[in-house]
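Below are the chains, spelled out letter by letter.
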Amino acid sequence: MEAVKRLLSLALFLSLALGKTYLIPIQGEIDPALAVFVEQALARAEAEGASGVAFLIDTPGGRVDTAIRISDRILQTPLPTLAVVQNAFSAGALVALSCQQIAMLPGSEIGAALPVVALPFQEPEAADQKVISALKGKFRAVAEARGRPVNLAEAMVDPALEVPGLSAKGEPLTLSADKAVELKVADFKAASLQEALRQAGFSPETERLAPGPRVQVARFLTSSAVAGLLLALGLLLLLLELFTPGFGVMGALGLALLGLYFAGGWLAGLSGAFELVLFFLGVALLLAEAFLFPGFGLAGALGVGAILASVYFTFGENALWVIAIAVIALGLGLLLVFRYLPRTRPAQALVLESAISEHAAEEAVEVGSLGVALTDLRPGGVGRFGAKRVDVVANRGFIPKGTPIRVVEVRGPTVLVEAVEE
């Protein structure tokens, strides 16, 4: 029996010594696209017979749900795992604790995992007690699975847990490299990656895995700022396209930007057909509200709700940031369009006024003048008042061609009209 144990130990040693150690970087913000990369990397390491996997961790944290997803995958792998920590804060601490061994590099720290809620234009605040309790339970389970001090793992999450000499009540626990090793949260200190591999018993022959183009593109497109700008610009260009005849460059570009917005979510595994259908259902309801049901009522409210729901299902806890950035960008875009675009020569191609300007009469019309819409008013178009052809703008919604109209206001060259009920 003793001989069998020695043979098994020798076989394990030889497998570690002869095989490669796969290096998987956990760097920057922890986001869903990073989880996709970790899952792909672990699957490759397992399929190619790696002797072990070392996670190079240098992160300020990120999404809790993503960290839990990565943690679960690390706990499931049959390969030996090692966390080489430079900085493992917040969600990164959970990833590090999930590994079988933890090596602390010079100047490294681990902890500070209090979940926070970062609302737009407000200081980040601690999450409610339910969220803290749930995450504390996850840290506890991972610590138990890896044989690490449960009380210290919990104190990283819950600031109400005071650790004398290490953290005051009201602040989550953060440990330096020396303290982490002393308290057995980490296994040892190492001056470099190669030393960490040697002390852990891992093969010095390494292969570093890097995120592929899909993951890199997904991480870029799903960042809050980029996703918000893509959403705002796509909607803005589609809105402008509605006010121009036919379907041209702006509409195509708007659809392309919205396509990139959804492509990021799809590549990161955040969205699918449901979110796509929900979004364009919202857009369709808003268009119906604008052109079929003047005013803002049930269709408009449902449209806005469907779009917001689509963003929420895609981005989860980051949805508020995406929506805030999109609203600001869309507002600024509309302001610039209506403030400066009509003054430029290229803008003449964007409105029906330019298409029929050679036919418009020079004479002005007065408030109360009755006429008929010669073209669809979307809201711009042409109206006839007696023998005069005048560029007009519907003051509300869409007015079909041939509808009787009345002038309700004249603002310089702009003539606002409304439909007259027969």
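Residues numbered from 1 in each chain as written. Predicted model: local features only at pLDDT ≥ 70, side-chain atom pairs only at ≥ 80, totals over all residues. Heavy atoms only, no water.

### Section: the packing of aromatic side chains
Within a pair of aromatic rings, the relevant descriptors are the distance that separates the centres and the angle that separates the planes. Rule in force here: Classification of ring pairs rests on two measures: the distance between centres of Phe, Tyr or Trp rings, Trp counted by its six-membered ring, which must be within 6.5 Å, and the angle between planes, read as stacked under 30 degrees, edge-to-face over 60 and tilted in between. The rule is simple: take the accessible area with a 1.4 Å probe, protein chains only, and divide by the maximum for that residue type; under 20% is buried, over 50% is exposed, in between is partly exposed.
Within the structure shown, the criterion is met by five aromatic pairs. Look at tyrosine 261 and phenylalanine 262: their rings are 4.8 Å apart centre to centre, the planes differ by 80°, and that puts the pair in the edge-to-face class. One exposure class covers both tyrosine 261 and phenylalanine 262, and it is buried. Pairing tyrosine 261 with phenylalanine 279 gives two aromatic rings, centres 6.2 Å apart and planes at 40°, and the pair type is tilted.

### Some details on the pattern of salt bridges
As a reminder of what qualifies: Think of a salt bridge as a Lys or Arg side-chain nitrogen and an Asp or Glu carboxyl oxygen that are within 4 Å of each other. Working definition: helices are DSSP H or I runs of at least four residues, strands are E runs of at least two. Numbering for both runs from the N terminus.
Inspection of the entire model under this criterion finds 13 salt bridges. Across the salt bridge formed by lysine 189 and aspartate 178, the nearest N and O atoms sit 2.4 Å from each other. Of the two residues, lysine 189 is situated in strand β8 (residues 188-189) and aspartate 178 in helix α7 (residues 177-182); the sequence distance between them amounts to eleven residues. With relative accessibility at 42%, the residue lysine 189 sits in the partly exposed group. According to the relative accessible area criterion, aspartate 178 is partly exposed, its value standing at 46%. The salt bridge involving lysine 179 is made with glutamate 182; its shortest N-O contact spans 3.6 Å. Here lysine 179 pairs with glutamate 182, and both are found in helix α7, just three residues apart, close to one helical turn.

### With respect to the confidence of the model for the protein
For clarity, the cut-off: Residue-level confidence of the predictor is summarised by pLDDT, bounded by 0 at the bottom and 100 at the top. Here, two residues are considered to be in contact whenever any of their heavy atoms come within 4.5 Å of each other.
Put simply, the protein has an average pLDDT of 81, and 83% of its residues get 70 or more. Scored below 50 in pLDDT, residues 348-363 makes 23 contacts in the model with residues more than four places away or belonging to other chains.

### Overview of the packing of helix α5 (residues 129-146) against helix α6 (residues 150-157)
Rule in force here: Axis definition: a line fitted to C-alpha atoms, over the contacting stretch in the case of helices. Angles run 0 to 180 degrees between N-to-C directions. The labels follow the angle: roughly parallel below 35 degrees, roughly antiparallel above 145, roughly perpendicular from 65 to 115, and oblique for the rest. Note on convention: the crossing is left-handed when the near helix lies turned anticlockwise from the far helix by less than a right angle, right-handed when the turn is clockwise. Gly is placed with the polar residues, together with every amino acid not listed as nonpolar (Ala, Val, Leu, Ile, Met, Phe, Trp, Tyr, Cys and Pro) or charged (Asp, Glu, Lys and Arg).
At their nearest, the axes of α5 and α6 sit 8 Å apart, and the two run at 150° to each other. With respect to each other, α5 and α6 are oriented roughly antiparallel. Helix-helix and strand crossings are classified by hand; for α5 and α6 the assignment is right-handed. Between α5 and α6, the residues in contact are Ile132, Leu135, Lys136, Phe139, Arg140, Ala143 and Glu144 and Val150, Ala153, Glu154, Met156 and Val157, respectively. Grouping the constituent residues of the contact of α5 with α6 by class yields eight nonpolar, no polar and four charged.

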